[in-house]
Structure formats: structure tokens, C-alpha cells
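What follows is each chain in one-letter form.
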Amino acid sequence: MKEINITEQIKYIGVDDKTIDLFEGQYVVPNGISYNSYLIKDEKNVIMDTVDKRATEEWFKKLEKELENEKPDYLVVSHMEPDHAANIQKLTEKYPNMKIIGNEKTFTFIQQFFDIQKLEERKIVVKEGDTISTGKHTLQFFMAPMVHWPEVMVTYEQTEKILFTADGFGKFGTLDTDEEWTCEARRYYFNIVGKYGAQVQQLLKKAANLEIKTICPLHGPILKENLDFYIQKYDIWSKYEPEDEGVLIAYASIYGNTKEAAQEMVSILKEKGVEKIAITDLARDDMAEAIEDAFRYDKMILAASSYNMGVFPFMEQFLHHLQGKHFQNRKVGIIENGTWAPSAGKCMREILEKMRNIEICPTVVTIRSKMNEQNKKEMQQLAEEMIGGDNNEI
Ligand code: FEO
């Protein structure tokens, strides 16, 4: 991988991981993930976070190369999740004079994960707005609780105007992946940070007071241009506003009859001129992408088979994910299927009713085993309600 310099004195020492099967134990990452880490070379050398244990060896090599026989004076711990913090123990053993910078919560978690010698003497506890000078650079710390864990903080380097944003503005995919930022950053955001929109809003307000030239996240590319574009995306996402007009059709089908209805719905919406339509098989496609698309668009149609007097579990799981991530402010249509006692619609509605500001279209399509002509008419009606405006708000 080619060398990445953030600035002359700030070096990238992160590592690409192309072989991980599931990031954070659950997310498929077809283009891998980067564990970003940075070294600020100055009168005092500062390491900004370590990396996952999967990348230990390569990271230490990069660190030593950039240190050029010097030693690190400080480690800033922005986030204690093991994809960034896994090497704290080893690093503190290798450099026994290095101090560790974190907040109260950081050190609570450090003691839970590690057993660091003389931690009391080595720790520097910072609070909101505190600064530490390293020579030419001044680091200022801002707390960002729950973006994505409670101890998260971001660091603003005042001289070169760099914001180190922890998980914020992160993206799936290694740094050498050639793909546009938005799609995988959105999937990352909603699945990992999506629950904490209010906290992201607070962080954005703090960031608005800073002049920022570069954003250095802990995953994904370093952002140097058009920063307003990325900040605006985060603003939309964290307010739970739809990003695009469009429809996600999410289906959970046992034998394919419910799938057929979902596909029919795609055709109907296309005929009616809807341009952006995504369809997902909740049993087979990436659930994280389904969640991303649900948040991306302003409308969603759910089509599911009945099962055990409830709904087919993949749909239930999807809706519980959405609920957990504070899904809100969307219009939803329901299609259920059941041969003798359709129960999927009721079950889906019950979960939707626990969410904020969800409009459910009045027409609920009930398929008895296999879609018939009457169902097709109802689906036309549902499509009209989806596109039009006369719905029930719950
Ligand atoms: Fe990349 Fe929340 O850790």
C-alpha cells in the first residue's frame, strides 16, 4: 500500500484488513476495512489510537518506521472498542514512559480490558475543551459520547486544523478500494452509529465552531476536500431525514409467493414513475444494506409470510433492527401472506407502532397463499397511497 501522509508532520500508520469475514462480528465487508491510526511527529510524538489485533504486526512496523528511532510520548485513545484499542497493552509495555491521554470513561474501560503497569502515573485525564501542546501542534479534546461508545472523544489539532473524528465519518472498505464514499459510509453509519443521531447532532454542533481542513476518521479515507458534502450527509442521516425519494421493498418469503408479490410491486411502482426502487430478500441479502436503504429512502414496503402466528423471522429481525436504530419519519406499506390465518401484517404493524412518526398506508394487502387479481388491484391502490398523500399517521 502506498504511503499516505496527512501533512508533513502527521503520518498515517493505519492498516488495511482485506481478509476479515465479519467486521464487529456481524457486518460483511466485501472490500475489507481499514483500521486508521496516526502519528503526529513533533517535540512530543503522539500516536492517535492503535488498531485491531488482526493488524498488530503491520501496525507496529509502520509505527517504528515513522518514529525513526524516536519514542512516542503520548497515546491518545479516542475510542476503546477493540478494533482500535486492541494494542494498547502491547504499546504501553513497549514504551513504558509513554503517557496515555483519555477521559474518565476511557480509563474505566482501559482497566476492564487491560492491566497496564503504573497506569495512575501514566494517565492524563482530559475534559471537554482541554488542550495539550506537543510543540508546534496543539491538541484540543471534545467529548463525543455514544458516537459510538460512551467514552468516545474527538481531537482537534489547532495548527493544521485537523479533526480526528473516531468512528465518525468512517466507511467500510480498505483505503485502496476504489469506490465512492457515500454508499459504504451510509451502510457503516446507520448500522454502527445510527441509533445515536442525537449525539451525532451534538458533535456536529461542536464541529461547526471549528475551522476544519481535514477529517481523519478511524475507518475509511482521510477527507480533505468538499468537507461540507460529508458534513451535510451526516447532518441528514443523524436527523433521521430521508436522503432520497424512493422506495425500499423488503420481503421475507418462504416459498417464493410473497417474493412474487414484492416483484409485482416493483413493476407497479416503476409504471407509476418511481425512479429509485430497491428490493431486498431479507433471508438472503445483506441485512445491513437493507437497513441502510430503509434509512436512505422516504418510503418502504414490507412483504412477509405469516409464521407461528406472527411474521417470518427475517422480517421480524429486520424490523427490530430498525426499531433499535430509531427508524422514524417514513411512510410504510404492508403486504402479508398466509394460507389459513394471516398474522404477518398485524405483527409488522405492532412493531412499526413502536417507532416514531411512521405513516402506515391504509391498504394492507392480504394474500391467501398466492397473489390473485384482487391482490394486484389492492397493490395498485397501495402504490397510489404510497406515492400520494392520504395516509393514516400513527
Ligand atoms: Fe471502529 Fe466503534 O469502533
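Computed from a prediction, not measured in an experiment: that's the story for all the values here. (Residues numbered from 1 in each chain as written. Predicted model: local features only at pLDDT ≥ 70, side-chain atom pairs only at ≥ 80, totals over all residues. Heavy atoms only, no water.)

Draft legend 1. View of the sheet that holds strand β9 (residues 131-133). Sheet architecture is open: five strands sit in the order β9-β10-β11-β12-β13, paired in mixed fashion. For this open sheet the edge positions go to β9 and β13 (214-216), each flanked by a neighbour on one side alone. Pairs of neighbouring strands in the sheet enclose a mean axial angle of 20°, with direction left out of account. Examined bridge by bridge, β9 and strand β10 (residues 138-143) share three bridges and lie antiparallel to one another. Across the sheet, residue isoleucine 132 finds its bridge partner in β10, namely leucine 139. (Pairing = 2+ DSSP bridges. Helix = DSSP H or I, 4+ residues; strand = E, 2+ residues; numbered from the N terminus. Axes fitted to C-alpha atoms, helices over the stretch in contact; angles between N-to-C directions.)

Draft legend 2. Quick peek at the packing of aromatic side chains. For the coordinates displayed, the defined rule picks out 24 aromatic pairs. Ring geometry for phenylalanine 172 against tyrosine 188: centres 5.3 Å apart, planes inclined by 75°, an arrangement best described as edge-to-face. Within this pair, whereas phenylalanine 172 is found in the loop between β12 (162-164) and α6 (181-193), its partner tyrosine 188 is found in helix α6, the two being separated by 16 residues in sequence. Take phenylalanine 172 and tyrosine 188: they sit in the same class, and that class is buried. Each ring, one from tyrosine 234 and one from tryptophan 237, has its centre 5.6 Å from the other, and the planes form 50°; the classification is tilted. Placement of the pair is tyrosine 234 and tryptophan 237 together in helix α8 (residues 227-238), with a separation of three residues, close to one helical turn. (Phe/Tyr/Trp six-rings, centres within 6.5 Å; stacked < 30°, edge-to-face > 60°. Buried < 20%, exposed > 50% of the residue type's maximum accessible area, 1.4 Å probe, protein only.)

Draft legend 3. Molecular detail of the layout of surface pockets. Here the largest pocket defines a volume of roughly 350 Å³. Together, 18 residues line the largest pocket, and Ile254, Ser306, Gly338, Thr339 and Trp340 are the ones closest to its centre. Of all the elements in the fold, those that place two or more residues in the lining of the largest pocket are α9 (257-271) and β16 (297-307). When the residues that make up the lining of the largest pocket are grouped by side-chain class, the tally is seven nonpolar, eleven polar and no charged. Computed from the structure, the second largest pocket encloses a volume of approximately 260 Å³. The element that contributes the greatest number of residues to the lining of the second largest pocket is helix α2 (residues 82-85), accounting for three residues. Looking at the lining of the second largest pocket residue by residue, the classes come out as ten nonpolar, one polar and six charged. (1 Å grid on protein atoms, 1.4 Å probe; cavity = no way out; pocket = protein on both sides within 12 Å on 5 of 7 lines; lining within 4 Å. Points joined across faces, edges and corners; volume = space filled by probe spheres on them. Nonpolar A, V, L, I, M, F, W, Y, C, P; charged D, E, K, R; others polar.)

Draft legend 4. Spatial organisation of the domain arrangement of the chain. If you check the domain split of the chain, you get domain 1 (10-238) and domain 2 (245-384). Here the C-alpha centroids of domain 1 and domain 2 sit 38 Å apart. If you look at the interface, domain 1 gives ten residues, while domain 2 gives eleven residues. Summing both partners gives a buried area of about 960 Å² for domain 1 against domain 2, and 53% of it is carried by carbon and sulfur. There are two salt bridges connecting domain 1 and domain 2. (Domains from an automatic or database assignment. Contact = heavy atoms within 4.5 Å. Buried area = accessible area lost by both parts, 1.4 Å probe. Salt bridge = Lys/Arg side-chain N within 4 Å of Asp/Glu carboxyl O.)

Draft legend 5. Seen up close, the pairing of β10. With six of its six residues buried, β10 lies for the most part within the structure. Between β9 and β10, which pair antiparallel in sequence order, lie four residues; one of them, glycine 135, sits at a positive phi of approximately 125°. Note: β10 against strand β11 (residues 153-157), five bridges, orientation antiparallel. Bridging across to β11, phenylalanine 141 finds its partner in threonine 155.

Draft legend 6. Local environment of the confidence of the model for the chain. The share of residues in the chain with pLDDT of 70 or more is 98%, and the mean pLDDT across the chain is 96. The model gives residues 390-394 a pLDDT under 50, and that stretch makes 16 contacts with residues more than four places away or in other chains. (pLDDT = per-residue confidence, 0-100.)

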